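# Summary of the model geometry
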Amino acid sequence: MKRPAHLTRGRYAPPVPRRALDVTSADGSRLHAELHGPEGAPTVVLAHGWTCSTAFWAPVVRELADTHQVVVYDQRGHGRSPAVPSAGHSTRALADDLVAVLEQTLAPGERAVIGGHSMGGMTIMAAAERPELRARVAAALLCSTGSADLAAESRVFPLPTPGGRRLAHRLLLGSRAPLGPVSPPAKWALRYATMGAGSSAEQIEACARIVHACPPGVRARWGHVLYELQLTRGVSRLEVPTAVLAGTADRLTPLVHARRLASVLPQCAGLTELPGLGHMTPIEDPDAVAGCLRELVRDHLATAPAPRGARSARQKKEKTA
């Protein structure tokens, strides 16, 4: 019996949205979007990464939705957003999709804090020069992401030369091989490539189900986009307060990317380094990710009281340092 594409119980299971809707992008592509939390509350819009879906944000949504409206959407070809022709895979398309989500889920004149994980962060960088983003966004979070040279910098294959790493990671990014069932060996491989050594069995299971549900063709086409990625100009034009967060054990987008982003951003709102965590930070430490987003809302959008017992990302960082 095939397991669901996400956990159905516990902290890492997607909560039921207040509302689900279809968003239409510039080229007519349809995107599945969900609204969580109270209508009229400060809004946070979240974009997931390569091979993931709205389910990836489940624990972060649970942390925020008591005091914030949270909008999540499936990137084209992922989750419940239909696949598109090959020509529809580009950083321009990612930017078009984010702008469409902002325009079709926010009220007239409303602004939001946006957050992107991995390819979702690249989506924000790709849209940096769009006037719609500048009008709609009060602040941003770039989480476990990079702007260029992904294949040369990645450490999934820890080869000694950039050329060797570039070739090995090009094959990984462009592979159309089916991932097969979520088996113990598959979970071991996923944890090695994308998560910190301290990840729990439940966290690994949650990530594995989501990643294995991505169609191989979609994974390969977006992998090619990531291999060719060049968004350094977008980072330098992201003229809103922007926080950066990354795990120190990230093999896919190593810490050098986060530090480079923080040095280039026009309005860097801080760099949070999470000791021992890997690439899947919204699942590995949803409290820290939600804390960063909550602080951006507080400082740049509106006053939103933190729920009882919540700790900010800054507090967590100080405790683990």
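Below you will find a few notes about this structure. (Residues numbered from 1 in each chain as written. Predicted model: local features only at pLDDT ≥ 70, side-chain atom pairs only at ≥ 80, totals over all residues. Heavy atoms only, no water.)

### Comments concerning helix α8 (residues 201-212)
- Relative to the 16 Å expected for twelve residues at 1.5 Å per residue, α8 spans 16 Å between its end C-alpha atoms, a close match to the ideal helical length.
- Among the twelve residues of α8, ten are classified as buried, and the element is accordingly described as predominantly covered.
- When we look at burial in α8, the residues that qualify are Q203, I204, E205, A206, C207, A208, R209, I210, V211 and H212.
- Of the surrounding elements, those touching the buried residues of α8 are α7 (184-194) and α12 (281-284). (Helix = DSSP H or I, 4+ residues; strand = E, 2+ residues; numbered from the N terminus. Expected span 1.5 Å × (residues − 1). Buried < 20%, exposed > 50% of the residue type's maximum accessible area, 1.4 Å probe, protein only. Contact = heavy atoms within 4.5 Å.)

### Some remarks on the packing of α7 against α8
- With their axes 10 Å apart at the nearest point, α7 and α8 run at an angle of 95° to one another. When the axes of α7 and α8 are compared, the pair comes out roughly perpendicular. For the pair α7 and α8, contact is made by A186, K187, L190 and R191 and by I204, E205, C207, A208, V211 and H212, respectively.
- Classifying every residue of the contact of α7 with α8 by side-chain character gives six nonpolar, one polar and three charged. (Axes fitted to C-alpha atoms, helices over the stretch in contact; angles between N-to-C directions. Parallel < 35°, antiparallel > 145°, perpendicular 65-115°, else oblique. Nonpolar A, V, L, I, M, F, W, Y, C, P; charged D, E, K, R; others polar.)

### Re the sheet that holds strand β3 (residues 43-47)
- With respect to topology, eight strands assemble into an open sheet ordered β1-β2-β4-β3-β5-β6-β7-β8, the strand pairing being mixed. The open sheet terminates on both sides in strands that have one partner only, identified here as β1 (19-24) and β8 (268-274). Averaged over all adjacent pairs, the angle separating strand axes in this sheet is 20°, with direction ignored.
- Across the sheet, helix α2 (residues 91-105) touches β1, β2 (30-36), β3, β4 (69-73), β5 (112-117) and β6 (137-143), and the angle it forms with β1 is around 130°.
- Packing against the sheet, helix α13 (residues 286-300) makes contact with β3, β5, β6, β7 (242-247) and β8, and its axis sits at approximately 160° to β6. (Pairing = 2+ DSSP bridges.)

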